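Residue-level listing of the chains:
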Amino acid sequence: MADKLFSFSVNRRIVAGLLVNLLSSICIVFINKWIYVHYGFPNMTLTLVHFVVTWLGLYICQKMDVFSPKSLPVRRIVWLALSFCGFVAFTNLSLQNNSIGTYQLAKAMTTPVIILIQTTYYKKTFSTKIKLTLVPITLGVILNSYYDVRFNLQGTVFASLGVLVTSLYQVWVGAKQHELQVNSMQLLYYQAPLSSGFLLCIVPFFEPLTGDGGIFGPWSLPALVTVLFSGVVAFLVNLSIYWIIGNTSAVTYNMFGHFKFCITLIGGYLLFHDPLSLNQALGILCTLAGILSYTHFKLVEQEEGKSRLAQRP
C-alpha cells in the first residue's frame, strides 16, 4: 500500500512538472509576441529582464537547497555568457520580425547546424540515418519560408543569426559542463548575472533610454506587469526543463517537445492570425517528420550504446 502511494505521489509530481513546462514554454512565445505587437517593448531590455529574473529565481532555489552552487572562474565562462546574450536576443528578434510559424520552424534548423559544428570542429561522427533526417527538416523550413507571405529579409537575418548562436551556445554548454564538472543549473547560476552585466553595458548603445519606446519611457502598468510576468515564465521554462530531464528521461522530454512544437504553431495561427497556405502546411509536416525521425534514430543509437556497454565484461 505504501509503495502504491509513493508511486502515485511520484507520478503526480512528474505530471505537474510536465504541465508547468508545457504551459511555460508555450506561454513565453505568445507573451513575448504580445509584448512586441501591442507594447513595442525594446527587445534587448526584455532579454535583460529575463536574465535578471532567472538569476533571482536560481538564487532563491539555491537558498531552498534545490541545488548547490559551485564556484566557477569567470574567465572560463565569458564566451558562454556572451553567446547566451546573443542567442536569446536574436531568437527574440526573430520572433519580433517573423510569424510564429516561421520563428518556430527556424528553431528546428538548430539540429542540422549543431551537427555541422560538431562534425567540422569537434570531429564527431554521425550515422547516415541521422544525417538523412536533416534533409526533410531543412526542406520543410525552406518550403515554409518560401511561401510565407510575411517573409522578409530582416526577419530571415535575425532567424539565421539566432540559429547559429543558439547552436554554438548549446555545443559550448555541453563542453563547459563536462570541462567544469557542473550541472545546468550550477552553470546558469553564474552565467545569468554575467550575461546581464554584458547586456546592461550595451543596451544604451542600441535602444533609447527615455521617451516613447525607451527603457525608462512612459510605459503603462499593464505593459510593465506583462514584461515582468514574461521574465517569471522564462525562469519557469529553464527550471522545468532541468527538472523533467532529471526526473524522467530524455525520451520523455523529446517526445513532449514535439507536442509543444505543434501546439505553438497552431496557437500562432489562431491567436495572431498568421496566414497559412497549403504549401506552408506541407513544409511544417515535412519538418516535423524529420524531427521525429531524428529523435527516433538518436534514441535507438543511445540504447544500443548502453546495451554494448552493459555486455562488456
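Check the entry above for the structure.
The model shown is predicted, which means the values in this text are computed figures rather than measured ones. (Residues numbered from 1 in each chain as written. Predicted model: local features only at pLDDT ≥ 70, side-chain atom pairs only at ≥ 80, totals over all residues. Heavy atoms only, no water.)

**Considerations on the pattern of salt bridges**
Applying the stated criterion across every chain, the model contains two salt bridges. The residue E179 makes a salt bridge to R76 at a minimum N-O spacing of 2.7 Å. Highlighted residues: E179 in helix α7 (residues 153-180) and R76 in the loop between α2 (43-63) and α3 (78-97), separated in sequence by 103 residues. R76 gets classed as partly exposed once you look at its relative accessible area, which sits at 29%. The partner of K176 in a salt bridge is E179, with the nearest N and O atoms 3.5 Å apart. Taken together, the residues K176 and E179, both in helix α7 and three residues apart, mark about one turn of the helix. Salt bridges linked by common partners bring R76, K176 and E179 together as one network. (Salt bridge = Lys/Arg side-chain N within 4 Å of Asp/Glu carboxyl O. Helix = DSSP H or I, 4+ residues; strand = E, 2+ residues; numbered from the N terminus. Buried < 20%, exposed > 50% of the residue type's maximum accessible area, 1.4 Å probe, protein only.)

**Describing a nonpolar patch on the surface**
A surface patch of nonpolar side chains, amounting to about 300 Å² of accessible area, comprises V20, F229, V232 and L236. Ranked by residues supplied to the nonpolar patch, first place goes to helix α9 (residues 221-247) with three residues. Mapping F229 onto the fold places it in helix α9. With a relative accessible area of 45%, F229 lands in the partly exposed category. (Patch = residues over 30% accessible without salt bridge, like charges linked within 9 Å, V, L, I, M, F, W, Y side chains within 5 Å. Areas by Shrake-Rupley, 256 points an atom, 1.4 Å probe, with all protein chains shown as cover.)

**A short note on the side chain of T166**
By the secondary structure assignment, T166 is in helix α7. Overall, T166 belongs to the buried group, its relative accessible area being 8%. Polar contacts involving the side chain of T166 include one to the main-chain carbonyl oxygen of G162, which spans 2.5 Å. In contact with T166, other than residues within four places in its own chain, are F87, T91 and T110. (Polar contact = N/O pair within 3.5 Å; in protein donor to acceptor, adjacent residues only side chain to side chain. Contact = heavy atoms within 4.5 Å.)

**What to know about the packing of aromatic side chains**
The geometry of an aromatic ring pair is captured by two quantities: the separation of the ring centres and the angle between the planes. In this structure the tally under the stated criterion is nine aromatic pairs. A ring pair is formed by F41 and W219, whose centres lie 4.9 Å apart and whose planes are at 45 degrees; its orientation type is tilted. Here F41 is found in the loop between α1 (2-39) and α2, whereas its partner W219 is found in the loop between α8 (184-206) and α9, with 178 residues between them in sequence. A relative accessible area of 5% places F41 in the buried class. Residue W219 is classed as buried on the basis of its relative accessible area, which comes to 17%. One aromatic cluster is present, built from ring pairs that chain together W55, Y59, F67, Y189 and Y190. (Phe/Tyr/Trp six-rings, centres within 6.5 Å; stacked < 30°, edge-to-face > 60°.)

**Structural notes on the side chain of Q62**
Structurally, Q62 is set in helix α2. Using a relative accessible area of 13% as the deciding quantity, one classes Q62 as buried. Not counting residues up to four positions away in its chain, the partners in contact with Q62 are F67, P69 and Y189.

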